[in-house]
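Here's the letter readout for the chains.
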Amino acid sequence: MTSRASIFLSRTVPPAGRALLEPEFSIREWTGDGFITREALLQGVVGANALIVHPPDRVDKLVLDAAGSQLKVISTMSVGLEHIDIAECRRRGIAVGYTPGVLTETTAELTLALLLATSRRIKEGFKAVEKGMVGWQNGHWLCGKQINGCTVGIVGLGRIGLAVAKRLQPFGVAKFLYSGHSEKPGGTEIGATFVSFDELLRNSDFVVACCSMNEENKGLFNKDAFSKMKSDAIFINSSRGVLVNQEDLYDALKSGQIMAAGLDVTSPEPLPVDHQLKTLDNCVIFPHLGSATTDTRNVMAVTAAKNAIAGFKGQTLPSPVPL
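Residues numbered from 1 in each chain as written. Predicted model: local features only at pLDDT ≥ 70, side-chain atom pairs only at ≥ 80, totals over all residues. Heavy atoms only, no water.

Undergrad: Mind showing me how you'd approach the packing of helix H5 (residues 104-119) against helix H7 (residues 159-168) here?
TA: Where H5 meets H7, the closest approach of the two axes is 8 Å, and the angle between their N-to-C directions is 55°. With respect to H7, the element H5 is oriented oblique. H5 and H7 meet at a crossing whose hand is right-handed. Mapping the contact onto sequence places Thr-104, Glu-105, Thr-107, Ala-108, Glu-109, Thr-111, Leu-112 and Leu-115 in H5 and Arg-159, Ile-160, Ala-163, Val-164, Arg-167 and Leu-168 in H7. Here the contact of H5 with H7 is composed, by residue class, of seven nonpolar, three polar and four charged. (Axes fitted to C-alpha atoms, helices over the stretch in contact; angles between N-to-C directions. Helix = DSSP H or I, 4+ residues; strand = E, 2+ residues; numbered from the N terminus. Parallel < 35°, antiparallel > 145°, perpendicular 65-115°, else oblique. Left-handed = near helix turned anticlockwise from the far one by under 90°. Contact = heavy atoms within 4.5 Å. Nonpolar A, V, L, I, M, F, W, Y, C, P; charged D, E, K, R; others polar.)

Here it is in structure tokens:
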């Protein structure tokens with residue numbers, strides 16, 4: 001009898017995906033608290049025929065060497081790929097799959113939640129209730145910013161950016177602006193105007209980062225960018241933490257250069273408990289909840305499992321990383 005193929009999971013996979021994996025593989029997995037440690041990852045991959053990983057699990061040459069030449073496929077439960085050395089995988093003939101398109105709706109919903117939480121000062125409202133609502137009789141107490149009649153600037157009008165805009169339309173947004181490398185068909189769909197990044201910053205009441213991460217836009221939202229925004233503008237980031245210079249964001253929020261910020265992503269994740277952004281009432285930080293619904297996580301798990309199974313069998317992956 002031949003032994004079963006082995007798959008290593010760097011985190012427990014939701015039930016719908018696991019049900020597909022169990023008939024195909026002998027499963028080994030990390031079950032510890034928090035993200036898998038580097039040491040555990042290097043030990044866990046040894047002898048595996050397939051891997052299912054997640055950001056920020058760093059899959060580089062050392063991990064591939066530790067796994068061995070029998071490794072055929074790496075499947076990540078994410079859209080982002082910055083944690084995987086794609087070039088090295090291709091050099092070794094290892095297939096790589098990911099989960100595009102699955103996160104669009106839930107991430108757009110979460111982005112809207114961030115926008116509402118910051119504009120209506122929900123964080124401050126919770127604190128006020130706990131402290132007895134001192135000052136609520138004042139007519140200007142905790143007045144926020146309404147979406148109706150405003151201009152929303154979306155940096156990166158891809159699937160998620162477009163889904164965010166469509167959810168905002170019923171709120172009575174006066175104008176949508178978007179920036180990026182080129183005009184998008186979706187812009188016409190929502191009546192948005194394609195502008196330069198600087199023009200978007202200068203004219204938007206809400207600046208929403210929905211762009212993918214690459215070497216060009218690391219730290220895109222920095223001191224210079226925040227200085228061009230309106231003093232009552234709100235910045236939202238549900239894309240990648242490394243898009244933002246967090247020290248510059250802190251200064252912009254602390255000084256009142258911009259009104260508020262809502263973040264679902266940071267760098268690093270999680271932020272240290274004593275990080276200065278956490279001290280600000282006008283900064284709302286979510287713990288990367290973009291894809292955190294039961295339905296979406298199960299769909300992601302199924303996609304990741306199907307990628308792993310197909311890659312091990314030498315078949316075309318359902319969702320391969322583009323060449």
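Here the narrative resumes, following the displayed structure.
Undergrad: What exactly am I supposed to notice about helix H6 (residues 122-130) here?
TA: Because each turn of an α-helix spans 3.6 residues, side chains separated by three or four positions end up pointing in the same direction. Taken together, the buried positions of H6 are occupied by Glu-124, Gly-125 and Ala-128. Along the axis of H6, the buried positions cluster into a sector of 100°, meaning they face one direction only. Within H6, the exposed residues directed more than 90 degrees away from the buried face are Phe-126, Val-129 and Glu-130. Taken from the residues just after H6, Gly-132 is the one with a positive phi, measuring 95°. (Buried < 20%, exposed > 50% of the residue type's maximum accessible area, 1.4 Å probe, protein only. Arc of directions from axis to C-beta.)

Undergrad: I tried to follow the pairing of strand E4 (residues 73-76) on my own but got confused; where do I start?
TA: Alternating positions in E4 separate into two faces, Val-73 and Ser-75 on one and Ile-74 and Thr-76 on the other, with burial throughout. Summarising the sheet, strand E3 (residues 50-53) and E4 pair through four bridges and their orientation is parallel. In the strand pairing of E4, Leu-51 is matched with Ile-74. In terms of handedness, the path from E3 via helix H3 (residues 61-67) over to E4 forms a crossover that is right-handed. Pairing of E4 with strand E5 (residues 95-97) involves three bridges; the strand directions are parallel. The partner of Val-73 across the bridge, within E5, is Ala-95. (Pairing = 2+ DSSP bridges. Right-handed = clockwise from strand over helix to strand, strands pointing away.)

Undergrad: Help me understand the nonpolar core in this model?
TA: Soluble globular proteins tend to bury their nonpolar side chains together. One finds Val-152, Leu-168 and Phe-176 to be the most contacted residues of the largest nonpolar core, which totals 28 residues. Among the elements of the structure, H5, strand E6 (151-155), H7, strand E7 (175-179), strand E9 (206-209) and strand E10 (234-237) are those that each provide at least two residues to this core. In terms of residue count, the dominant contributor to this core is H5 (six residues). When near neighbours in sequence (up to four residues on either side) are disregarded, Phe-176 contacts Val-152, Ile-154, Ala-165, Leu-168, Gln-169, Ile-190, Gly-191, Ala-192 and Thr-193. Within the second largest apolar cluster, 26 residues are counted, among which are Val-207, Ala-209, Ala-225 and Leu-253. (Core = buried A, V, L, I, M, F, W, Y, C linked by side-chain atoms within 4.5 Å.)

Undergrad: Would you mind going over the packing of aromatic side chains with me for this structure?
TA: One pair of aromatic rings is described through two measures. These are the centre distance and the angle between the planes. Considering all chains together, one arrives at five aromatic pairs under this definition. Ring centres of Tyr-178 and Phe-194 lie 5.2 Å apart, and the angle between their planes is 50°; this geometry places the pair in the tilted category. Taken together, the residues Tyr-178 in strand E7 and Phe-194 in strand E8 (residues 193-194) connect sequence positions 16 residues apart. On the numbers, 4.7 Å between centres and 45° between planes, the contact of Phe-221 with Phe-235 is tilted. Of the two residues, Phe-221 is situated in the loop between E9 and helix H10 (223-228) and Phe-235 in strand E10; the sequence distance between them amounts to 14 residues. (Phe/Tyr/Trp six-rings, centres within 6.5 Å; stacked < 30°, edge-to-face > 60°.)

Undergrad: Looking at this structure, how should I read the sheet that holds strand E12 (residues 283-285)?
TA: Each strand in a sheet pairs with its neighbour through backbone hydrogen bonds, running either in the same direction (parallel) or in the opposite one (antiparallel). Pairing is parallel across the open sheet formed by seven strands, whose spatial order is E8-E7-E6-E9-E10-E11-E12. Of all the strands in the sheet, the pair left with one neighbour each is E8 and E12. Of the pairings in the sheet, the one linking E9 to E10 comprises four bridges and is parallel in character. Opposite Val-208, over in E10, you have Ile-236 as the bridge partner.

Undergrad: Teacher, can you tell me more about the pattern of salt bridges here?
TA: Counted under the stated rule, the structure contains 20 salt bridges. Linking Asp-65 and Lys-61 is a salt bridge whose minimum nitrogen-to-oxygen distance equals 3.2 Å. Highlighted residues: Asp-65 and Lys-61, both in helix H3, separated by four residues, approximately one helical turn. With a relative accessible area of 45%, Lys-61 lands in the partly exposed category. One salt bridge connects Glu-105 with Arg-167, and the closest N-O pair in it is separated by 2.6 Å. Of this pair, Glu-105 sits in helix H5 while Arg-167 sits in helix H7; the two residues are 62 residues apart in sequence, bridging distant segments of the chain. Connected via shared salt-bridge partners are Lys-61, Asp-65, Glu-88, Arg-91 and Arg-92. (Salt bridge = Lys/Arg side-chain N within 4 Å of Asp/Glu carboxyl O.)

Undergrad: What's the story with unusual backbone geometry in this structure? I'm lost.
TA: A negative phi angle is the norm for most residues apart from glycine, just as the trans form is the norm for most peptide bonds. Here Pro-55 and Pro-56 are connected by a cis peptide whose omega angle stands at 5°. Inspection of the secondary structure assignment puts Pro-56 in the loop between E3 and H3. Geometrically, the link from Glu-269 to Pro-270 is a cis peptide bond, its omega value of -10° lying close to zero. Considering the arrangement of structural elements, one finds Pro-270 in the loop between strand E11 (260-263) and E12. The backbone of Arg-121 sits at a positive phi, close to 55°, despite the residue not being glycine. When you line up the elements, Arg-121 lands in the loop between H5 and H6. Under the relative-accessibility criterion, Arg-121 is labelled partly exposed at 23%. Of note in this structure, His-288 is not a glycine but carries a positive phi near 50°. Within the element layout of this structure, His-288 appears in the loop between E12 and helix H12 (294-312).

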